[in-house]
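Coordinates in review
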Amino acid sequence: MEYQHDQLPSYIYTYASPDEELSLCQLEMRTFFGTDAPPNLFQSPVGIDPSRSPFIRERIEVFYEGDSVAEIVEQVAQIDTQEMTFKVIFVKTNDLEPSAKIEFEEQRVIERELGWQINGEADVRNPDYVFGIVTMGGRWYFGNYRKSKTVWLQHQKKPRSYSIALPTRIARAAANIAVPDPEGIRAIDPCCGIGTVLVEALSMGIDIVGRDINPFICRGARENIAHFGYHCPVTLGSIADVTLKYDAAIIDMPYNHVSTISSEEQFDILRHARRIAGRVIVITIDPMDEMLIRAGFRIADRAVARKGSFLRHIIVCV
């Protein structure tokens, strides 16, 4: 539950990524927010549920700000939780210099000072409302606090697995990059494998369907989707047989790593992807730029995710 207020929405996000996925994290941030994100935390008018991203940690929906904690303390006296309970969290991620670091005890003091001014009952264990306070750029910000739920971690425990399936974190980011705003968007994963991308997309409310040429793999994808309580069609067949149009497609192309598929067959997949979708996210162990351009795509953005010497290229094609 979030406290309702009258101010225009503004949000502060904290985020982090492993070094080997920093490029992918930055691509997801650009896709969501339309600009490169400064390190660790940033402010945006765009409201994204932090649980959508495998990199965003927290979000504060700002409705008070000031040059000091004292200014925030004065403002929070306006809050009346109407007998509902609340909790105040000091957000530890900030851009303070090491010499200005706020230690644990001082963080607790700030939380208590704010809590004393709010009209309501404090409850640190199971509050109705959670508020957060953070400092950034020399100013202080206060508002509704929402912590990311690492849903993608739960999706690692699938009943059916596949040795070269995408890691769930990369799959989730790819789904976000394909469909940053699910409203009115129809998507397809026409080479869906065991459904790693499908599960991540469905968990975020994305309207998506799956398809694969391997009947055994299709059955595994359906089982994985059902295991997590989601539903979507997974049909058997080639991308060449798809006749419907989609707003977005996500294609993981590890074929040259696990099979004898030729470059001509890879090109055929890309050619049909261009035919059926307006925006295509291609995931490949090779850049494939020349092939993508030949298939009629323009490369709009890209990232690389690393695991040791193994690279995955995530390419945004329009």
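Read on for a plain summary of the structure.

The rules we used
- Residues numbered from 1 in each chain as written.
- Predicted model: local features only at pLDDT ≥ 70, side-chain atom pairs only at ≥ 80, totals over all residues.
- Heavy atoms only, no water.
- Helix = DSSP H or I, 4+ residues; strand = E, 2+ residues; numbered from the N terminus.
- Contact = heavy atoms within 4.5 Å.
- Areas by Shrake-Rupley, 256 points an atom, 1.4 Å probe, with all protein chains shown as cover.
- Lys, Arg positive; Asp, Glu negative; His and termini not counted.
- Charge placed at Lys NZ, Arg CZ, Asp CG, Glu CD.
- Axes fitted to C-alpha atoms, helices over the stretch in contact; angles between N-to-C directions.
- Parallel < 35°, antiparallel > 145°, perpendicular 65-115°, else oblique.
- Left-handed = near helix turned anticlockwise from the far one by under 90°.
- Nonpolar A, V, L, I, M, F, W, Y, C, P; charged D, E, K, R; others polar.
- Phe/Tyr/Trp six-rings, centres within 6.5 Å; stacked < 30°, edge-to-face > 60°.
- Lys NZ or Arg CZ within 6 Å of the ring centre and 35° of its normal.
- Pairing = 2+ DSSP bridges.
- Expected span 1.5 Å × (residues − 1).
- Buried < 20%, exposed > 50% of the residue type's maximum accessible area, 1.4 Å probe, protein only.
- Salt bridge = Lys/Arg side-chain N within 4 Å of Asp/Glu carboxyl O.
- Core = buried A, V, L, I, M, F, W, Y, C linked by side-chain atoms within 4.5 Å.

1. A closer look at the overall build of the chain
Of regular secondary structure, the chain possesses ten helices and 14 strands. Its C-alpha atoms give the chain principal-axis dimensions of about 65 × 40 × 35 Å. Taking as baseline every contact in the chain between residues at least 6 positions apart, the subset at least 24 positions apart corresponds to 73%. Working note: accessible area of the chain is about 15500 Å², and carbon and sulfur atoms make up 50% of it. Taken together, the 34 basic and 43 acidic charged side chains of the chain have centroids lying 8 Å from each other.

2. Topic: the packing of helix α5 (residues 168-178) against helix α6 (residues 196-203)
For any two helices packed against each other, one specifies the inter-axial angle together with the distance between the axes. Packing of α5 against α6 leaves a shortest axis separation of 8 Å and a crossing angle of 60 degrees. The angle between α5 and α6 falls in the class oblique. The handedness of the crossing between α5 and α6 is right-handed. Contacts between α5 and α6 involve T168, A171, R172 and A175 from the first element and T196, V197, E200, A201 and S203 from the second. By residue class, the composition of the contact of α5 with α6 is four nonpolar, three polar and two charged.

3. Some thoughts on the packing of aromatic side chains
Applying the stated criterion across every chain, the model contains 14 aromatic pairs. Clustering of aromatic rings is evident, with ring pairs tying together Y11, Y13, Y15, F32, F33 and F42. For R294, the ring lying beneath its charged end belongs to F267, and the centroid distance is 4.2 Å.

4. Thoughts on unusual backbone geometry
In the Ramachandran plot, Q82 falls in the positive-phi region, its phi being about 55 degrees despite a non-glycine side chain. As for its position among the elements, Q82 is in strand β4 (residues 80-90). With a phi angle near 70 degrees, E83 is a residue other than glycine that sits in the positive phi range. Its location among the elements puts E83 in strand β4.

5. Considerations on the sheet that holds strand β7 (residues 139-147)
Read across the sheet, seven strands follow the order β2-β1-β3-β7-β6-β4-β5 without closing on themselves; strand pairing throughout is mixed. The open sheet has two free edges, formed respectively by β2 (41-44) and β5 (119-122), since each of these has just one partner strand. Strand-to-strand twist of the sheet, defined as the mean angle between neighbouring strand axes without regard to direction, takes the value 40 degrees. Summarising the sheet, strand β1 (residues 11-15) and β2 pair through four bridges and their orientation is antiparallel. Following the sheet pairing, Y11 is matched in β2 by S44. In the packing of helix α2 (residues 69-76) onto the sheet, contacts are made with β3 (56-66), β6 (129-136) and β7, and the angle to β3 comes to roughly 80 degrees.

6. Concerning helix α1 (residues 22-33)
Its twelve residues give α1 an end-to-end C-alpha distance of 16 Å, which sits within 8% of 16 Å, the value for a rise of 1.5 Å per residue. Of all the positions in α1, only L24, C25, L27, E28, M29, T31, F32 and F33 are classed as buried. Where α1 terminates, the next one or two residues include G34, which has phi positive at roughly 80 degrees.

7. Quick word on the pattern of salt bridges
Considering all chains together, one arrives at 14 salt bridges under this definition. Between D49 and R146 there is a salt bridge, and its shortest N-O distance comes to 3.7 Å. Residue D49 is located in the loop between β2 and β3, and its partner R146 is located in strand β7; the two are separated by 97 residues in the primary sequence. The closest approach of N and O atoms between E111 and R108, which form a salt bridge, is 2.7 Å. Taken together, the residues E111 and R108, both in helix α3 (residues 104-117) and three residues apart, mark about one turn of the helix. A residue is classified by how much of its surface remains accessible, and E111, at 14% relative accessible area, is buried. A single salt-bridge network, built from bridges that share partners, covers E2, D49, R59 and R146.

8. What to know about the side chain of E200
Among the secondary structure elements, E200 is positioned in helix α6. Sequence-distant contacts of E200, defined by excluding residues within four places in its chain, comprise W152, H155, T168, A171 and R172.

9. Thoughts on the nonpolar core
Formed by 46 residues in total, the largest nonpolar core has its most connected members in L24, F33, I206, I208, V234, I250 and I314. Broken down by element, this core gets its largest block of residues, seven residues, from α5. Filtering out sequence-adjacent residues up to four positions away, V234 remains in contact with C192, L198, G210, R211, C218, A221, R222 and I225. Of all hydrophobic cores here, the second largest spans 24 residues; its members include V209, I239, I251 and V280.

10. Quick look at the sheet that holds strand β10 (residues 234-236)
The strand order across the open sheet built from seven strands is β10-β9-β8-β11-β12-β14-β13, with neighbouring strands paired in mixed fashion. Of all the strands in the sheet, just β10 and β13 (299-307) have a single pairing partner and so form its edges. The average undirected angle you get between the axes of adjacent strands in this sheet is 20 degrees. In terms of strand pairing, strand β12 (residues 277-284) meets strand β14 (residues 310-317) through five bridges, oriented antiparallel. Within β14, the position partnered with V280 by the bridge is C317. Contacting β8 (186-189), β9 (207-212), β10 and β11 (246-253), α6 crosses the sheet at an angle of about 170 degrees to β9. With respect to the sheet, helix α7 (residues 215-227) is in contact with β9 and β10, its orientation differing from that of β10 by roughly 170 degrees.

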